[in-house]
Amino acid sequence: MDSKGRPMYLATNSSHDTDCDAVSFPVSSIGERSLPSSDLQTKLPFSFRDLTQKLLTSPVSETKYLISRSVADLVSGWAQVYMQPDQHADPALGDGYWVRTLYLDTPGADIYHRRGVGRSRKFRIRGYGSSQELWLEMKWKRNGKVRKRRTLIHQNQLPLVITNASQEHEWFSSRVDRYQLQPACQITYRRQAYVCRTSQGVYRLTLDREAFSQPHDGWKVPHEAGNCRILNAENAILELKYQGDFPLFFRSLVELIPQVPASYSKYRRAISTLMDQSMGDPACPTG
């Protein structure tokens, strides 16, 4: 925590190879629930980095839920049984890590308003934990499937990307120039992420909590959390990623969730809250 009681960032863990065992066994904390017998699947080894990259850059389906903190704890317990924490997980944060993001938008806020280029795309620069590595990201949706393009850079390379002085990152720089993208806001949140690969497919589950926003500081990715909460402290965002139709693998999980799937945009929530704050609204939640 910093001097104002806001979270600071811890170092991330290194990646390693492991496997995911989807064998069913009772867990008292989630009500003795287990996977359907037809979904008991053979262990398949995987590399965290390769599997995560595949899920983040291949066309996938996403299902989101806005859930209570108590339900999030049940979901976390389920994931710890049936999946593996991803490579950024820090045991000191409950298998979580801090996600630090600079969001970009056009001069006319087309991404915020979901028009033009912003109708189906988002652009951002993201870091994890205290790592000096950053990801240049473009996320878009087509025919109901979500896809990302992302490139890893060192934070010292960011000025070259912005000025389009690096051919290696031209795909991102050219879009910054074409759409006149500029910093819009900074967002940080704590994430738990779990992955699994079985004979039926690959799956990813994320739980996001403690989400904060703050005005941008030029082309800087935030190093500490902002002071404006954009997600109620009693809530969490659950996101399930998978390929194809909703998988049997997740069906025992959704039995724990009383809520129905719902969309929730951290970016749009952040911009709306910051606009209210700039107009003198003192109601920006901090607790």
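Let me begin by describing the structure that accompanies this report. (Residues numbered from 1 in each chain as written. Predicted model: local features only at pLDDT ≥ 70, side-chain atom pairs only at ≥ 80, totals over all residues. Heavy atoms only, no water.)

**A look at the pairing of strand 8 (residues 145-154)**
Direction of pairing for strand 7 (residues 133-142) relative to strand 8: antiparallel, over a ladder of 10 bridges. For W135, the partnering residue across the bridge sits in strand 8 and is L152. Counting the residues in the hairpin turn of strand 7 and strand 8 gives two residues, including N143, whose phi is positive at 55°. (Pairing = 2+ DSSP bridges. Helix = DSSP H or I, 4+ residues; strand = E, 2+ residues; numbered from the N terminus.)

**Observations regarding the side chain of D105**
Structurally, D105 can be placed in strand 5 (residues 96-105). Summary of buried charges: D105 has no salt-bridge partner, and the nearest side chain of opposite charge, R268, is 7.5 Å away. From its side chain, D105 meets the backbone nitrogen of I111 in a polar contact 2.9 Å long. There is a polar contact of 3.0 Å between the side chain of D105 and the backbone nitrogen of Y112. Contact partners of D105, with chain neighbours within four places excluded, come to D110, I111, Y112, Q180, L181, Q182, A184 and Y267. (Buried < 20%, exposed > 50% of the residue type's maximum accessible area, 1.4 Å probe, protein only. Lys, Arg positive; Asp, Glu negative; His and termini not counted. Salt bridge = Lys/Arg side-chain N within 4 Å of Asp/Glu carboxyl O. Polar contact = N/O pair within 3.5 Å; in protein donor to acceptor, adjacent residues only side chain to side chain. Contact = heavy atoms within 4.5 Å.)

**A closer look at empty space enclosed by the protein**
Tallied over the entire structure, the rule returns one cavity of 30 Å³ or more. R124, K139, R191, E239 and K266 are, among the 20 residues lining the largest cavity, the residues nearest its centre. The set of elements that each furnish at least two residues to the lining of the largest cavity consists of strand 6 (121-128), strand 9 (182-198), strand 10 (201-214), strand 12 (235-242) and helix 7 (266-278). Among the elements that make up the lining of the largest cavity, the one with the highest residue count is strand 6 (four residues). Looking at the lining of the largest cavity, its residues break down into six nonpolar, two polar and 12 charged. (1 Å grid on protein atoms, 1.4 Å probe; cavity = no way out; pocket = protein on both sides within 12 Å on 5 of 7 lines; lining within 4 Å. Points joined across faces, edges and corners; volume = space filled by probe spheres on them. Nonpolar A, V, L, I, M, F, W, Y, C, P; charged D, E, K, R; others polar.)

**With respect to helix 2 (residues 69-82)**
Taking 1.5 Å per residue as the helical rise, helix 2 with its 14 residues ought to reach 20 Å, and the 20 Å between its terminal C-alpha atoms agrees with that figure. Among the residues making up helix 2, those that are buried are V71, A72, V75, S76, G77, W78, A79, V81 and Y82. (Expected span 1.5 Å × (residues − 1).)

**Section: helix 5 (residues 170-178)**
Within helix 5, the full set of buried residues consists of W171, F172, S173, S174, R175 and V176. Two residues or fewer past helix 5, Q180 is found with a positive phi of approximately 55°.

**Here's the deal with the pattern of salt bridges**
Counted according to the given criterion, the structure contains 14 salt bridges. R69 is the salt-bridge partner of E234, the closest N and O atoms lying 3.3 Å from each other. Remark: R69 occurs in helix 2 and E234 occurs in the loop between strand 11 (228-229) and strand 12; sequence separation between them is 165 residues. Note that K241 is salt-bridged to E239, the shortest N-O span being 2.3 Å. The pair K241 / E239 is uniform in exposure class, with both members buried. Connected through salt bridges with shared partners, the residues E62, K64, K139, E239 and K241 form a single ionic network.

**What to know about the nonpolar core**
Membership of the largest hydrophobic core comes to 39 residues, with the highest contact counts inside it found for F123, I125, L136, F172, C185 and Y267. Secondary-structure elements contributing two or more residues to this core are strand 5, helix 3 (110-113), strand 6, strand 7, helix 4 (158-162), helix 5, strand 9 and helix 7. Among residues more than four places away in sequence, those in contact with F172 are L104, F123, R124, I125, L136, E137 and V161. Ranked by size, the runner-up nonpolar core spans 24 residues in total, among them Y65, A79, Y203 and I257. (Core = buried A, V, L, I, M, F, W, Y, C linked by side-chain atoms within 4.5 Å.)

**Brief notes about the environment of M83**
Tracing the backbone through its elements, the reader meets M83 in the loop between helix 2 and strand 4 (84-85). The buried category is assigned to M83, whose relative accessible area is 2%. Distance from M83 to C196, taken between C-alpha atoms, is 5.2 Å for residues 113 residues apart in sequence.

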